[in-house]
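Fold and geometry: a report
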Amino acid sequence: MADTVVGANPDPHVSGENPDRRDFIHIAAGVAAVGLVGGLAWPFIDQMNPAGDTLALASIEFDLSKVVEGQQVVVKWRGKPLFVRHRTPKEIAEAIQADHADLRDPATDESRHKPGKAQYLVLIGTCTHLGCVPTFGGGDYGGWFCPCHGSVYDTSGRIRKGPAPLNLAVPEYSFLSDTKVKVG
Amino acid sequence: MSGHSTYEPKNGFERWLDTRLPLLRFANDTIITFPTPKNLNYWYTFGGILSLMLGMQIVTGIILAMHYVPHVDMAFNSVQRIKRDVNFGWLIQGLHANGASMFFLAVYIHMFRNLYYGSYKAPREVLWILGCVIYLLMIGTAFFGYVLPWGQMSFHGAVVITNLIGAIPIVGHAITTWLWGGFAVDDATLNRFFSLHYLLPFMIAGVVGLHIWALHVPGNNNPTGVNVTSTQDTVPFHPYYTVKDGFAISVFLILYAVFVFYLPDALGDAANYIQANPLVTPQHIVPEWYLLPFYAILRAVPNKLAGVILMFGAIATLFVLPWLDTSKVRSLRYRPTMRWYYFIFFLNCIVLGFCGAHAPDDLVIPGVSGLQLGDANINSFVWLSRIAAAYYFAYFWVITPLMGLTETPLAEPESISTPVLSHPAAMLAGAAASPEKRG
């Protein structure tokens, strides 16, 4: 059998016999498969992000006159607690005084409330460490104390001690009237 | 050891099946005639116990899923209904919840056994890595499962653990929101955790299949750590180890039953009998006992990101262990110095668990005020967990590589049979030299 078998399985890399056409089919099929998998991957991943109705429920209105001076009301907003605190003049004074202290996440007290509404503090009530809910009035600074890992916040909600890296977050909110706010 | 098959089809049907799907041949070679070292002790029975526990968790879990409602308003009550009203629900729920603890107890014994006898070393690295993958999947499954009853500890545990991912720079918060499917742990989170809790055990079962496959290629290690040299060193798996495993499983089931029937809530947390309330965090957030050591490592460092990296690093370290160990001797029976470091390591893991169960600022020795060192009291659990976490990493990254190079091991036996035959008990019995050849 010295004869060579011809045409049974032509080597695509040997010139002649349209190698380009075969390569094109292989590459096109490969690209189509990768494109299809990639295109499907994103819907499969993105479905886990907040759904439309979850996003639609994102804002609430709240009447501040319900909060007595020296007290705090906790409202649920976006599944998280929202602290609405009516501060006493002493608490505000302490917070302003601490503006120049050595703060981990520097912010003035003024930047943490709306102009002319220093008595009302609206904050997201989750510890910036691992998301626990700090208790009202606890800790060395009279603000909040997180029971999970001991973070201490002052009367402006700024982090003063413990493992949390940031101040309690101020949500986006605005005054609709003198005592009514819209959060979100 | 997995090469030659001794299976002989016994009748026409078996011959017919053997040429089409050699299922009986496979079963025969893996669980009947599989040559197993004859000196395996009871520490080697936990693989069988773990298989049973996986089966138990899957069966009870599928039943519980028939009655459980994954919705924030109904999840807590549906679990209470299972316990109170569903026929035998108290039993099935008790088996499942306590089964998780028993599963982890068995896996920890299995892992410590492995470390002691050096079973992770060549040629069993892949076997060990697959075991680490199973362990990771188990942690994930246990975490998702613990969220489902929707008690206070379920909810706030989920909040704390998902917030860990927020420590990743730049993309952390986007990933957390993606995991939650909202702006907090809520209904979407509960639903997907239920889905994943149902999925992962089947993934575990798949990796267990690979794990057993990887075991059957090199064969079992054994307490002496020396290789099997001849058929004199082995006995067939059945009946020698089916019976031994069976006895161990029976004893283990007694312990399991004690928890299920007499102490069903001993391993749980009382706070989980209060329905989840996103507005109030329990005073002490603690994970289940089997994750406490890692929780202690997480809290040992004041920096959030560093704590998360260390905690995951503690598990990642296990994956590279086969290449950190420089010793040529497998079993710690013949490594007198390393053995001490091993026992300290074992106690150290328990100390870490103890640290994880306490608030960081609690005093280790009550009544002793101690000194302030750095950011915490030297007598507090913060410092104890720092020391213990340091030893945990030192054991794998410093002690294990160095001891392999510096220690002078004792003489290993020439074969598995040698120490068996020289053992005083063997003399009395007239030498159990070839048990496989008897009746």
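As the structure is a prediction and not an experimental result, all values here were calculated from the model.

**Considerations on the overall build of chain A**
Helix and strand counts for chain A stand at three helices and 10 strands. Ordered by position from the N terminus, the helices and strands of chain A form the series α-α-β-β-β-α-β-β-β-β-β-β-β. Per-residue burial for chain A yields a buried fraction of 28% across its 184 residues. Long-range contacts, defined here as pairs at least 24 residues apart, represent 44% of the contacts in chain A between residues at least 6 apart.

**Some remarks on the overall build of chain B**
A tally of helices and strands in chain B yields 16 helices and four strands. Its C-alpha atoms give chain B a radius of gyration of 24 Å, within 12% of the compact-globule value 22 Å for 439 residues. Taking all 439 residues of chain B together, the buried fraction comes to 38%.

**Section: the pairing of strand β3 (residues 80–86) of chain A**
Residues and elements named next belong to chain A. Within β3, six of the seven residues are buried, which leaves the element mostly enclosed by the surrounding structure. Inspection of the sheet shows strand β2 (residues 72–77) paired to β3 by six bridges, in the antiparallel sense. Bridge pairing in β3 places valine 75 opposite leucine 82. Counted between consecutive antiparallel strands, the loop separating β2 from β3 contains two residues, among which arginine 78 sits at a positive phi close to 55 degrees.

**Topic: the packing of helix α5 (residues 89–117) of chain B against helix α10 (residues 237–262) of chain B**
All names here are of chain B. It is the contact of α5 with α10, at a shortest axis distance of 9 Å, that shows an interaxial angle of 135 degrees. One finds that α5 runs oblique with respect to α10. For α5 against α10, the interelement crossing comes out right-handed. Residue-level inspection shows Gly94, Leu95, Asn98 and Met102 of α5 in contact with α10, the latter providing Tyr256, Phe259 and Val260.

**Here's the deal with the nonpolar core**
Counting residues in each nonpolar core, the largest one holds 72 residues, and the members touching the most others are Cys132 of chain A together with Ala106 and Trp150 of chain B. A per-element tally of this core places α5 of chain B first, with nine residues. What tryptophan 150 of chain B contacts, discounting residues up to four positions off in sequence, is Val72, Ala75, Phe76, Phe155, Leu190, Gln275 and Ala276 of chain B. In terms of nonpolar packing, the next biggest core, distinct from the first, is built from 21 residues, Leu291, Tyr295, Val351 and Tyr392 of chain B among them.

**Digging into the interface of chain B and chain A**
In this complex, chain B contributes 25 residues to the contact, which on the side of chain A involves 22 residues. Breaking the side of chain B that touches chain A down by element, the ones donating at least two residues are α7 (152–165), α8 (172–180) and α9 (187–216) of chain B.

**Thoughts on the packing of helix α12 (residues 304–324) of chain B against helix α14 (residues 381–406) of chain B**
Residues and elements named next belong to chain B. Their axes nearest at 11 Å, the elements α12 and α14 cross at an angle of 15 degrees. Considering their axes alone, α12 and α14 lie roughly parallel with respect to each other. In the packing of α12 onto α14, the handedness of the crossing is left-handed. On α14, the residues that touch Leu310, Ala314, Thr317, Leu321 and Leu324 of α12 are Ala389, Tyr392, Phe393, Phe396, Trp397, Thr400 and Pro401. Its residues assigned to classes, the contact of α12 with α14 comprises 10 nonpolar, two polar and no charged.

**Some words on the environment of isoleucine 285 of chain B**
Locating isoleucine 285 of chain B in the fold gives a position in the loop between α10 and α11 (292–300). Put simply, isoleucine 285 of chain B and phenylalanine 343 of chain B are 58 residues apart on the chain and 30 Å apart in space, counted from C-alpha to C-alpha. Leaving out residues up to four positions away in the same chain, isoleucine 285 of chain B has contacts with Cys132 and Cys148 of chain A together with His156, Gly157 and Val160 of chain B.

**Focus on the environment of isoleucine 129 of chain B**
Residue and element names in this part refer to chain B. Position of isoleucine 129 among the secondary structure elements: in helix α6 (residues 125–147). Exposure remark for isoleucine 129: the 18 C-beta atoms within 10 Å place this residue in the partly exposed category. Taking the C-alpha atoms as reference, isoleucine 129 lies 8.8 Å from histidine 211; in sequence the two are 82 residues apart.

**Some details on the confidence of the model for chain B**
Residue and element names in this part refer to chain B. Scored by pLDDT, chain B comes out at a mean of 91, with 95% of its residues at no less than 70. Ignoring residues within four places in sequence, the model shows residues 435–439, a span with pLDDT below 50, making four contacts including any to other chains. In the predicted assembly, ipTM is 0.75 and pTM is 0.87.

**Considerations on the sheet that holds strand β5 (residues 135–136) of chain A**
Residue and element names in this part refer to chain A. One open sheet holds the four strands; their spatial order is β5-β6-β7-β8, and the pairing between them is antiparallel. If you trace the sheet from one side to the other, it starts and ends with β5 and β8 (159–161), each paired once. Note that strand β7 (residues 152–154) and β8 share two bridges and pair antiparallel. For tyrosine 153, the partnering residue across the bridge sits in β8 and is isoleucine 159.

**Some remarks on α10 of chain B**
Quick reminder: α-helices carry 3.6 residues per turn. Residues three or four places apart thus point the same way. Across its 26 residues, α10 of chain B extends 35 Å between first and last C-alpha, which sits within 8% of the 38 Å expected from 1.5 Å per residue. Phe237, Tyr241, Asp245, Phe252, Tyr256, Phe259 and Val260 of chain B are the residues of α10 of chain B that are buried.

**Comments concerning the sheet that holds strand β1 (residues 60–63) of chain A**
Residue and element names in this part refer to chain A. The strand order β1-β10-β9 describes an open sheet built from three strands, whose pairing is antiparallel. Unpaired on one side and paired on the other, β1 and β9 (173–175) mark the two borders of the sheet. Direction aside, the axes of adjacent strands within the sheet are offset by 25 degrees on average. The sheet contact formed by β1 and strand β10 (residues 180–183) spans four bridges and is antiparallel. Within the sheet, the bridge partner assigned to phenylalanine 62 lies in β10 and is valine 181.

**Observations regarding unusual backbone geometry**
Here alanine 122 of chain B and proline 123 of chain B are connected by a cis peptide whose omega angle stands at 5 degrees. Within the secondary structure, proline 123 of chain B sits in the loop between α5 and α6. In this chain, histidine 238 of chain B is followed by proline 239 of chain B through a cis amide linkage whose omega measures 10 degrees. Positive phi outside glycine occurs at arginine 78 of chain A, with the angle close to 55 degrees. With respect to the helices and strands, the residue arginine 78 of chain A is situated in the loop between β2 and β3. The class for arginine 78 of chain A is buried, based on 20 C-beta atoms found within 10 Å.

**What to know about the confidence of the model for chain A**
Looking at chain A, pLDDT values average 85 and 90% of them are 70 or higher. No element of chain A has a lower mean pLDDT than helix α2 (residues 52–56) of chain A, at 83, and none a higher one than strand β4 (residues 120–124) of chain A, at 92.

**Points about the environment of alanine 300 of chain B**
Along the polypeptide, alanine 300 of chain B turns up in helix α11. The spatial distance from the C-alpha of alanine 300 of chain B to the C-alpha of asparagine 87 of chain B is 45 Å, given a sequence separation of 213 residues.

So, how was this worked out
- Residues numbered from 1 in each chain as written.
- Chains lettered and ligands numbered in written order.
- Predicted model: local features only at pLDDT ≥ 70, side-chain atom pairs only at ≥ 80, totals over all residues.
- Helix = DSSP H or I, 4+ residues; strand = E, 2+ residues; numbered from the N terminus.
- Buried ≥ 20, exposed ≤ 12 C-beta atoms within 10 Å, placed from the backbone.
- Contact = placed C-beta atoms within 7 Å.
- Rg over C-alpha atoms; globule rule 2.2 N^0.38 Å.
- Pairing = 2+ DSSP bridges.
- Axes fitted to C-alpha atoms, helices over the stretch in contact; angles between N-to-C directions.
- Parallel < 35°, antiparallel > 145°, perpendicular 65-115°, else oblique.
- Left-handed = near helix turned anticlockwise from the far one by under 90°.
- Core = buried A, V, L, I, M, F, W, Y, C linked by C-beta atoms within 7 Å.
- Nonpolar A, V, L, I, M, F, W, Y, C, P; charged D, E, K, R; others polar.
- pLDDT = per-residue confidence, 0-100.
- Expected span 1.5 Å × (residues − 1).

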